[in-house]
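Below, each chain spelled out in residue letters.
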Amino acid sequence: MRALLLTLLVVLGLPLGQAVAVQRMAVALPGGTMVYKPVQSIRERRFANIVQQKTDFSCGAAALATILKQAYWLDVDEAHIIEGMLAHSDHDQVRVQGFSMLDMKRYVESLGMRARGYRIPAESLQSVTIPVVVLMDIRGYKHFVVLQRTQNDWVYVGDPVLGNKRYKFDDFVKGWNGIIFAVIGPGYDKGNALLAPPAPLTAKHRINDFQPIDDAQLMEFGFIQSDFF
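Residues numbered from 1 in each chain as written. Predicted model: local features only at pLDDT ≥ 70, side-chain atom pairs only at ≥ 80, totals over all residues. Heavy atoms only, no water.

Labelled according to an unreviewed UniProt entry, the protein chain appears under the name C39 family peptidase, originating from Pseudomonas bharatica CSV86.

Structural data, given as structure tokens:
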């Protein structure tokens, strides 16, 4: 069976070890009608809508790419953003410390968009209703992730290394530096996928709790009326 699978991968030109989305076929309707249902691996689910980082210093680029791709539908990837940020940064500092929020701000502004950094108290996390970049300290390692939503006692993040994760509220606050980095501009998708991160496999109906926000709420983060046209 394994030999047959390897042969099929070679014939189809697929890299060995690469997870691929497949459709499972089943006879489910009277008369023998075939029904096709998409099948998603655990790894695919873990990184759904998240750009994975490919280097040790590119978590900021991957987090920013995630927001630009999912919330603004821009055709960018991690490599593209790394190149763009390097054009406006100190290369030696990047090699040692990685990219900073200032590097991200300069890159976003080079696209004709706006970037805002806000220092907010932990109790205001519930009011953050757009995906933003945040910096976390994970066991002494400074790491940029995407804050997707805060719901009840949970904070949902898109981690460029670990994929979609959720933290207990108090655990998240312990590792967060208190700043959110918002990308602002025209073309924002108020129903973007980052606002509805995959629910844990053991949870039920949790994804239905996430709803897009209206224009008035977006303007609290720095959007202006012309961004909606």
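Tell me about the packing of helix α3 (residues 59-72) against helix α4 (residues 78-86), and please be specific about residues and values.
Packing of α3 against α4 brings their axes to within 9 Å, and their N-to-C directions diverge by 115 degrees. For the element pair α3 and α4, the recorded crossing hand is right-handed. Where α3 abuts α4, its residues Gly 60, Ala 61, Ala 62, Leu 64, Ala 65 and Leu 68 lie against Glu 78, Ile 81, Ile 82 and Met 85. Looking at the contact of α3 with α4 residue by residue, the classes come out as 8 nonpolar, 1 polar and 1 charged. (Axes fitted to C-alpha atoms, helices over the stretch in contact; angles between N-to-C directions. Helix = DSSP H or I, 4+ residues; strand = E, 2+ residues; numbered from the N terminus. Left-handed = near helix turned anticlockwise from the far one by under 90°. Contact = heavy atoms within 4.5 Å. Nonpolar A, V, L, I, M, F, W, Y, C, P; charged D, E, K, R; others polar.)

Explain the packing of aromatic side chains residue by residue, including any values.
Counted by the stated rule, this structure contains 4 aromatic pairs. Taken together, a centroid distance of 5.9 Å and an interplanar angle of 55 degrees make the contact between Phe 57 and Phe 99 tilted. Highlighted residues: Phe 57 in the loop between α2 (42-46) and α3 and Phe 99 in the loop between α5 (91-97) and α6 (101-110), separated in sequence by 42 residues. Note on Phe 99: relative accessible area 5%, which makes it buried. One aromatic cluster is present, built from ring pairs that chain together Tyr 72, Tyr 188 and Phe 223. Taking NZ or CZ as reference, Lys 165 lies 5.4 Å from the ring centre of Tyr 167, over its face. The side chain of Lys 168 reaches across the aromatic face of Trp 154, ending 4.6 Å from its centre. (Phe/Tyr/Trp six-rings, centres within 6.5 Å; stacked < 30°, edge-to-face > 60°. Buried < 20%, exposed > 50% of the residue type's maximum accessible area, 1.4 Å probe, protein only. Lys NZ or Arg CZ within 6 Å of the ring centre and 35° of its normal.)

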